[in-house]
Amino acid sequence: KNGSKAITLDQCFETFTRPERLDENNMWYCSKCKEHVRAMKTMKLWRLPNILVVHLKRFEFKHSLRRDKLDTYVDFPLEGLDMSLHCTGLNANTGNLTGSASIVDSTLDAKYDLFAVINHYGRMGFGHYTAFCRQWDE
């Protein structure tokens, strides 16, 4: 909301990968105990693409008829976004693979440079978009 403090893209990924206990409406069936249980769910990235596209969900559901747009500023690095911190099977210090995990191209490290950003200005359902991108100079 207006006046909210900024967060980083790393904090967004930390929130996405934080373990969470499933609620009563989303219980998991345990094949060992043959019951539905409130299990812990953990999301981790196990495969990284050559080109990473991040889409931030910028709305929050209040109830079935109302959604509000979030306008919290998300700070991100222009160069060197280190995704190894958010992946399973990658050594957070070296970015090298550990265990049996793999990425699309193991010769690449887990760092990304920003190429483009698309912003939406306005409220839910209307407004306009702006795009900023670096010049392609291969």
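Please refer to the structure placed before this passage.
What comes next is a walk through the structure. Along each chain, residues carry numbers from 1 onward, in the same order as the chain's sequence is written. Local features in this predicted model are restricted to residues of pLDDT 70 or higher, and side-chain atom pairs are both shown and tallied only at a pLDDT of 80 or more, whereas totals for entire chains, interfaces and linings draw on every residue. To get the side-chain values, take all heavy atoms of the structure and skip hydrogens and water.

### Structural notes on the pairing of strand β12 (residues 128-133)
Item 1. For every residue, the accessible area (1.4 Å probe, protein chains only) is compared with the maximum for its type, and the residue is labelled buried under 20%, exposed over 50%, or partly exposed between those bounds. Helix and strand assignments follow DSSP, with helices taken as H or I runs no shorter than four residues and strands as E runs no shorter than two, numbered in order from the N terminus. Summarising burial for β12: zero of the six residues are buried, a small minority.
Item 2. When DSSP locates at least two bridges between a pair of strands, those strands are taken to pair. When strand β11 (residues 116-121) meets β12, the two strands line up antiparallel, connected through six bridges. The residue of β12 that forms the bridge with Ala116 is Cys133.
Item 3. Two successive antiparallel strands, β11 and β12, enclose a turn made up of six residues, where Gly122 displays a positive phi of approximately 130°.

### Some remarks on the environment of Arg134
Item 1. One can find Arg134 in the segment after β12.
Item 2. Residue Arg134 is classed as partly exposed on the basis of its relative accessible area of 34%.
Item 3. Along the primary structure Arg134 and Ala116 are separated by 18 residues, whereas in three dimensions their C-alpha atoms are 6.4 Å apart.
Item 4. Any pair of N or O atoms that falls within 3.5 Å is considered a polar contact. Within protein, one atom must be able to donate a hydrogen and the other to accept it, and sequence-neighbouring residues count only if both atoms are side-chain atoms. For Arg134, the side chain forms a polar contact with the main-chain oxygen of Leu78, separated by 3.2 Å.

### Describing the layout of surface pockets
Item 1. The volume enclosed by the second largest pocket comes to roughly 560 Å³.
Item 2. Looking at the second largest pocket, it is lined by 22 residues, and the ones nearest its centre are Cys12, Phe16, His55, Leu56 and Lys57.
Item 3. Per-element accounting of the lining of the second largest pocket gives the leading share, six residues, to helix α1 (residues 9-17). Buriedness for pockets is judged along seven lines, at least five of which must meet protein on both sides within 12 Å for an open set on the 1 Å grid over protein atoms alone, while cavities are sets there where a 1.4 Å probe fits but cannot get out, and lining residues have an atom within 4 Å of a point. Grid points are joined across faces, edges and corners, and a volume is the space filled by probe spheres set on the points.

### Regarding α1
Item 1. Within the span of α1, buried status applies to Leu9, Phe13 and Thr17. Buried positions in α1, seen along its axis, are confined to an arc of 70° and lie on one side of it. To obtain the arc, one takes the directions from the helix axis to the C-beta atoms.

### Regarding the packing of aromatic side chains
Item 1. Think of it this way: a Phe, Tyr or Trp ring, Trp meaning its six-membered ring, pairs with another when their centres are within 6.5 Å, and the plane angle makes it stacked under 30 degrees, edge-to-face over 60, tilted otherwise. Tallying each qualifying case throughout the model produces one aromatic pair.
Item 2. Each ring, one from Phe115 and one from Trp136, has its centre 5.3 Å from the other, and the planes form 80°; the classification is edge-to-face. Residue Phe115 is located in the loop between β10 (111-112) and β11, and its partner Trp136 is located in the segment after β12; the two are separated by 21 residues in the primary sequence.
Item 3. For Trp136, a relative accessible area of 57% gives the class exposed.

### Quick notes on the side chain of His86
Item 1. For His86, the position within the fold is in the loop between β9 (81-82) and β10.
Item 2. A relative accessible area of 2% places His86 in the buried class.
Item 3. Look past the residues within four positions of His86 in its chain and what remains in contact with it is Asp10, Phe13, Glu14, Thr17, Lys44 and Leu45. We call two residues contacting when some pair of their heavy atoms lies within 4.5 Å.

### Examining the pattern of salt bridges
Item 1. Salt bridges are defined by distance alone: a side-chain nitrogen of Lys or Arg within 4 Å of a carboxyl oxygen of Asp or Glu. For the structure shown, the criterion picks out two salt bridges.
Item 2. The salt bridge involving Glu20 is made with Lys41; its shortest N-O contact spans 3.5 Å. Taken as a pair, Glu20 in strand β2 (residues 20-21) and Lys41 in strand β5 (residues 40-41) lie far apart in primary sequence, 21 residues in all.
Item 3. Taking relative accessible area as the criterion, Glu20 reaches 41% and is therefore assigned partly exposed.
Item 4. Taking the relative accessible area as the measure of exposure, Lys41 reaches 34% and is therefore partly exposed.
Item 5. Arg134 serves as the salt-bridge partner of Glu79, at 3.8 Å between the closest nitrogen and oxygen.

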